[in-house]
Amino acid sequence: MISVLQRVKEARVEVDGEVCGQIGQGLLVLVCAERGDSEAEADKLLAKLLKLRIFGDDEGKMNRSVQDVEGGLLLVSQFTLAADTASGNRPSFKQAAAPDEGRRLYDYLVQQAQAAHVQVQTGRFAADMQVHLVNDGPVTVPLRIAPRPAA
């Protein structure tokens, strides 16, 4: 799974002019399931998101996690993270999971996040979304959780 997380002061997602997900301080996480991903990758991604120490402590050092600061998680599906731009001028998205599988893994990630964390909001899978955020820092971190190679 590929993700890009942004530490935010606030973020929201709108679809057709209506807010469908909104948080204050926390993490906006753009998520893409790739071919070959499974629940195992979603579980590893969630564990990393919840424990990654990218919030400042009392001394200003990045030493606290989203759980430590009781921040929100805003999970937004974004298949374009799988873009391959190696040749030509039009990106290829063949490494992204098929839409049904991408939705299944995104829904699984959301469900697991809601069970593990107090405040979880979402975008809308496959919708034309407008994402608004105030990036804090700015702090933006790409994360990739790759499936284990077959033995």
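In case you missed it, the structure is sitting above this.
The following refers to the structure shown.

Analysis parameters
Residues numbered from 1 in each chain as written. Predicted model: local features only at pLDDT ≥ 70, side-chain atom pairs only at ≥ 80, totals over all residues. Heavy atoms only, no water. Helix = DSSP H or I, 4+ residues; strand = E, 2+ residues; numbered from the N terminus. Rg over C-alpha atoms; globule rule 2.2 N^0.38 Å. Buried < 20%, exposed > 50% of the residue type's maximum accessible area, 1.4 Å probe, protein only. Areas by Shrake-Rupley, 256 points an atom, 1.4 Å probe, with all protein chains shown as cover. Core = buried A, V, L, I, M, F, W, Y, C linked by side-chain atoms within 4.5 Å. Contact = heavy atoms within 4.5 Å. Expected span 1.5 Å × (residues − 1). Arc of directions from axis to C-beta.

## Quick notes on the overall build of the protein
Looking only at helices and strands, one finds 2 helices and 8 strands in the protein. Going from N to C terminus, the protein has its helices and strands arranged as β-β-β-α-β-β-β-α-β-β. Rg of the C-alpha trace for the protein: 15 Å, near the compact-globule value of 15 Å for 151 residues, within the 12% margin. The principal-axis extents of the C-alpha atoms in the protein amount to approximately 45 × 45 × 30 Å. In the protein, which comprises 151 residues, the share counted as buried stands at 41%. For the protein, the accessible area works out to roughly 8,600 Å², and carbon and sulfur atoms hold 46% of it.

## As for unusual backbone geometry
Leaving glycine out, the prevailing phi sign among residues is negative, and the prevailing peptide bond configuration is trans. The linkage connecting Gly137 with the following residue, Pro138, adopts the cis geometry, with an omega of 0°. Locating Pro138 in the fold gives a position in strand β8 (residues 129-144). We note that Glu70 has phi near 55°; this positive angle belongs to a residue other than glycine. Relative to the helices and strands, Glu70 resides in the loop between β5 (62-64) and β6 (72-77). By relative accessible area, Glu70 is classed as exposed at 69%. Not every positive phi belongs to a glycine, and Ala126 is a case in point at roughly 65°. Take Ala126: it is sitting in the loop between β7 (120-122) and β8.

## Details of the nonpolar core
Membership of the largest hydrophobic core comes to 29 residues, with the highest contact counts inside it found for Leu5, Leu27, Val29, Leu45, Leu73 and Leu75. Sorting the residues of this core by element identifies β3 (26-32), α1 (39-51), β6, α2 (99-116) and β8 as the ones contributing at least two each. Looking at which element gives the most residues to this core, the answer is α2, with 6 residues. Apart from residues lying up to four places away in sequence, Leu27 is in contact with Leu5, Gln6, Arg7, Val8, Leu49, Ile54, Phe55, Val66, Gly72, Leu73 and Leu74. Residues Val13, Val15, Leu28 and Met129 belong to the second largest nonpolar core, which totals 10 residues.

## Quick word on α2
Between the first and last C-alpha of α2 there are 26 Å, a value that for 18 residues agrees with the 26 Å anticipated at 1.5 Å per step. Those residues of α2 that fall on the buried side of the exposure criterion are Gly102, Leu105, Tyr106, Tyr108, Leu109, Val110 and Ala113. On the buried face of α2, the contacting elements are β3, α1, β6 and β7.

## Considering α1
In this model α1 runs 18 Å from its N-terminal to its C-terminal C-alpha over 13 residues, within 8% of the 18 Å that 1.5 Å per residue would give. Among all positions of α1, only Glu41, Ala42, Leu45, Leu46, Leu49 and Leu50 are buried. Each buried residue of α1 sits inside an arc of 160° when the element is viewed along its axis, so together they form one side. Where α1 is buried, its residues touch β1 (2-15), β3, β6, α2 and β8.

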